Structure formats: C-alpha cells, structure tokens
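One letter stands for each residue in the lines below.
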Amino acid sequence: MNIGVLVSGRGTNLQSIIDAQIRGDIKSRVVVVISNKRDAYALERARNHGIPALYIQSKNKDPETYDSEIVNILKEYNVELVVLAGYLKILTKKFIDEFPDRIINIHPALLPCFGGKGFYGEYVHEAVLNSGSKFSGCTVHFVRPEIDHGPIIVQKCVQVFDDDTPKTLAERILPFEHIALIEAIKIIESGRFKIEGMRVKLI
Ligand code: GRF
C-alpha cells in the first residue's frame, strides 16, 4: 500500500513506519508526508529518507479548502492508506469520506476514554493521572468524523505509577505507540479484518 502520513510534530511515529519499511516488516511504503507546521521535525525525518515532505499552510484557509488541498496531494501520490501520526488538525467529513476506512490515527490513551477535543499532548496524560486510573496506553483506530472516535484496530496497555508525571507517562507509552501502529498497518495490509460498528474483527 502507498501510505501518506500527516504530521504536526517531531515524528517518532512516522519514523517507526519508515524503520518497519526498511526492515521489511511491512510491505507498504510511505510515499508522501504532509504537515501543517513548517518546522515539524517529522518533515526532516522524511527528507532524510528521500520521501517527499510537504508543508501546507493552513492560515486563512477554511477547513474544507485546506483539506481538499491535502486530499488532492494524497491522490496525486496514489495514497491508499492515510496515517495521522501526531497530526493536530481535525479532519473534515469531506476528507474522511474520500478515504473510507482508509484513515487511521494513533492516540496516546485507551479510547474511548481520554479522547476528543482538547485531549492532545500532555493534556491526555494529565487527565489520565487526575482520573486516578492505574492503566493507560495507546489506541490505533479508524478515523470517523467525531474526534478520537472510530473502530479500534490495536491497543496497548501500560501501568500508571504513583510518581508518574504527564511526561514520564508519555515516555512510557510512546514505544508502545510505535509497535501498535506497525501492528495496525500489518492488519490492514493483510486485508483479513472486518469492521462491525466499532469493532474490528480479525478474520
Ligand atoms: C503521539 O503521542 C501521538 O499519539 C500523539 O502525538 C504524539 C506524536 O508523537 N497524537 P510523534 O510526533 O509521532 O513523535
């Protein structure tokens, strides 16, 4: 599959896909990386591997115009799977409808808890700690118009420790995000799954 990755930040999840591709763990290829942030380090990671990396400015564009610009680029590169890897913009329904069940997102908590508007970056981990939860983790899911909502493909659990801070918890979860994302891509590559409501069943 041709993968298009949308990013806004440092891009360790993007790196995990590129590394899996180099190791031969996945058959898919990252064909384009797009960011709404000019200085996203993820763009540099892509360029280091000869992958086209584009910054698309979102300022003064309404969300639909912006998204259709991104969709056009993804189509130009024949993208078959869109991966949101730390992409901090909310996708319009129009965008999502262009890639039915072909957009996945990685979220650093166990959805359906601790997701939705405002639950990004350290806010997610802060909310987990404030809730008193003893476990957190990460979720890879198909994207639906509601934020951080959609059929769950892979989840990983980590323990929450008494002395955790949002930073230490985020650091413990991150390596599991990298693993979960590759597992999810492999499931999609295999085609051996079916989506029933919010459930992704392996077949
Ligand atoms: C990850 O924790 C991801 O789950 C979240 O943003 C972070 C991105 O990290 N949505 P990176 O840019 O892939 O290093």
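The structure presented is a predicted model; accordingly, all values stated were derived computationally and were not measured.

Student: Residue-level account of the nonpolar core, with values.
Tutor: With 43 residues, the main nonpolar core has V5, L14, I17, V33, V83, I104 and I153 as its most contacted residues. It is helix α6 (residues 166-190) that provides the largest number of residues to this core, a total of nine residues. Not counting residues up to four positions away in its chain, the partners in contact with I153 are I104, V140, H141, F142, A184, I187, I188 and V200. Formed by 20 residues, the second largest nonpolar core is a distinct cluster that contains I34, L84, Y87 and L91.

Student: Explain the environment of P100 to me, and be specific about the residues and the numbers.
Tutor: Looking at the element boundaries, P100 is found in the loop between α4 (93-98) and β5 (103-107). With a relative accessible area of 57%, P100 lands in the exposed category. P100 sits 42 residues away from F142 along the chain, and the two C-alpha atoms are 9.2 Å apart.

Student: Lay out the site of the ligand in plain terms, naming residues and giving numbers.
Tutor: Around the ligand, the neighbouring residues are R10, G11, T12, N13, G86, I106, H107, P108 and E177. Here G11 contributes a backbone N or O atom positioned 2.8 Å from an oxygen atom of the ligand. Calculation on the ligand without its partners gives an accessible area of 360 Å², and the protein chains cover 85% of this total. In the shell around the ligand, the residues fall into two nonpolar, five polar and two charged.

Rules and cut-offs
Residues numbered from 1 in each chain as written. Predicted model: local features only at pLDDT ≥ 70, side-chain atom pairs only at ≥ 80, totals over all residues. Heavy atoms only, no water. Core = buried A, V, L, I, M, F, W, Y, C linked by side-chain atoms within 4.5 Å. Buried < 20%, exposed > 50% of the residue type's maximum accessible area, 1.4 Å probe, protein only. Helix = DSSP H or I, 4+ residues; strand = E, 2+ residues; numbered from the N terminus. Contact = heavy atoms within 4.5 Å. Near = heavy atom within 4 Å. Polar contact = N/O pair within 3.5 Å; in protein donor to acceptor, adjacent residues only side chain to side chain. Areas by Shrake-Rupley, 256 points an atom, 1.4 Å probe, with all protein chains shown as cover. Nonpolar A, V, L, I, M, F, W, Y, C, P; charged D, E, K, R; others polar.

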